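Notes for the structure review
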Amino acid sequence: TQVLRKSLQRGVVLSTGSFLIFEAHKLISGLAEVHASFKVEEVIEQADYLYGSGETEKLYRLLVQHKNSDDAELLWRLARASRDLAQLSSTSAEEKRQLTYNSLEYAKKALEKNESNFAAHKWYGICLSDVGDYEGIKTKIGNAIVIKEHFQRAIELNPKDATTIHLIGIWCYSFAEMPWYQRKIAATLFATPPSSTFQEALRYFHMAEEADPNFYSKNLLYLGKTYLKLNNKKMALLWLSKAKEYPAQTEEDKQVQKEALELLNSI
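As annotated in an unreviewed UniProt entry, the protein chain is Regulator of microtubule dynamics protein 1 from Serilophus lunatus. In its Sequence similarities (unreviewed entry) section, the UniProt record describing the protein chain reads: "Belongs to the RMDN family." Recorded in UniProt for the protein chain, the comment headed Subunit (unreviewed entry) runs: "Interacts with microtubules."

1. Focus: the overall build of the protein chain
Counting its regular elements, the protein chain contains 13 helices and zero strands. Secondary structure elements in the protein chain, listed N-terminal to C-terminal, are α-α-α-α-α-α-α-α-α-α-α-α-α. Considering the protein chain as a whole, with its 267 residues, one finds that 40% of them fall into the buried category. In the protein chain, the proportion of contacts linking residues at least 24 apart, taken out of those at least 6 apart, comes to 59%.

2. Here's the deal with the confidence of the model for the protein chain
For the protein chain, the mean per-residue pLDDT works out to 86, and 85% of the residues sit at or above 70. Taken together, the stretch residues 1-36 has pLDDT below 50 and engages in seven contacts with residues farther than four places along the chain or on a different chain.

3. Describing the environment of Asp 70
Along the chain, Asp 70 turns up in the loop between helix H3 (56-64) and helix H4 (72-87). The class for Asp 70 is exposed, based on a relative accessible area of 55%. Taking the C-alpha atoms as reference points, Asp 70 and Ala 110, 40 residues apart in sequence, are found 7.8 Å from one another. Setting aside its immediate chain neighbours within four residues, Asp 70 contacts Leu 75, Lys 109 and Lys 113.

The rules we used
- Residues numbered from 1 in each chain as written.
- Predicted model: local features only at pLDDT ≥ 70, side-chain atom pairs only at ≥ 80, totals over all residues.
- Heavy atoms only, no water.
- UniProt positions renumbered as here; feature names shortened; annotations may be inferred.
- Helix = DSSP H or I, 4+ residues; strand = E, 2+ residues; numbered from the N terminus.
- Buried < 20%, exposed > 50% of the residue type's maximum accessible area, 1.4 Å probe, protein only.
- Contact = heavy atoms within 4.5 Å.
- pLDDT = per-residue confidence, 0-100.

Take a look at the structure:
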């Protein structure tokens, strides 16, 4: 009666029955929210297990069911899974293209849902770069500054993420070895075109290795490649040998081993 009196004082007319229904609805809604949250955590746990096991197709099938989710943690994982599926040799050219564009949309949505999520920034940068492969060199160069900004924001949010540090190294390496005709395109797009050096790339690759030693075969490969560019054959041999001997768990690892071996044979 006290609650009813207070409701009437606020000008809200509630019968005792409707009040009880309202309270029950609130309780059920609260339980549903808790259940939904718990379900998200379960999906993420399962997704991370599949990712660690290299089950790319199963992981994608699990996460694509949640493409309309509002959870940034699910969405960036879906962006990553879509990209990983696109990278498989068994994926057709048309599927690869569609997955690449979809992955960018998922990463973009993850950012919209949570701007403070470092992984959303990282995967947005990666996926934006991938889309550039379909839209031509002018678009790819035009997106370069935005891509680097997202990688830098990811590092601000998580300074210990070795993969993002590696990606800035790749960005620097790409601009350091950019051919003259691409530099001309860059000059038409920017008042001050983006540029870098192999020394700067090397610094980021070493920073990534310090953050998480031996975390990624490609970082070892690029340390070797960068030392080759700087004419330091002794250090190039060291890092290329490490890349060649890295345990191959993915298709990318196998490609890294192959390239490392070819470079070692050429020295």
